[in-house]
Amino acid sequence: MSSGLCKTARADDLFVQGAAQNRAKSLCTGCSVKAECLAYALDERIEHGVWGGMTERERRGLLKRRPTVQSWARLLETARRQHDTGTPASQRHSA
């Protein structure tokens, strides 16, 4: 969080309910550590707040859809590397 765009936000702004979550998620737009933040929340099973541009409900849904992922940090870093090198999606492997 110390490297994220949210470092200037109040914690109360990131732990909100309802429509306020969309405003909180907008803080993550363009953040350079968005993927790392999301991976941390997923790996640590953080249940509250907006992390990496996703609400707790969205993260729960993602965890439910991908129960075999052992390290979200590794998965997202691999995806970023493959995207940066232009590896076609058909050649990408899940972590």
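Scope of this entry: the structure provided in the associated data block. (Residues numbered from 1 in each chain as written. Predicted model: local features only at pLDDT ≥ 70, side-chain atom pairs only at ≥ 80, totals over all residues. Heavy atoms only, no water.)

## Digging into the overall build of the protein
Then step 1. For the protein, the count of helices and strands is four helices and zero strands.
Then step 2. Walking the protein from its N terminus toward its C terminus, one meets helices and strands in the order α-α-α-α.
Then step 3. Each of the 95 residues in the protein was classed as buried or not, and the buried ones make up 32%.
Then step 4. Across the protein, every contact between residues at least 6 apart in sequence was considered, and the portion connecting residues at least 24 apart equals 44%. (Helix = DSSP H or I, 4+ residues; strand = E, 2+ residues; numbered from the N terminus. Buried < 20%, exposed > 50% of the residue type's maximum accessible area, 1.4 Å probe, protein only. Contact = heavy atoms within 4.5 Å.)

## Structural notes on the side chain of Arg-59
Then step 1. Examined against the element boundaries, Arg-59 turns out to sit in helix α3 (residues 56-65).
Then step 2. Glu-56 provides the closest opposite charge to the buried, unpaired Arg-59, separated from it by 4.7 Å.
Then step 3. The residues touching Arg-59, leaving out its near neighbours within four places in the chain, are Leu-38, Ala-41, Leu-42, Ile-46, Glu-47, His-48, Gly-49, Val-50, Trp-51 and Met-54. (Lys, Arg positive; Asp, Glu negative; His and termini not counted. Salt bridge = Lys/Arg side-chain N within 4 Å of Asp/Glu carboxyl O.)

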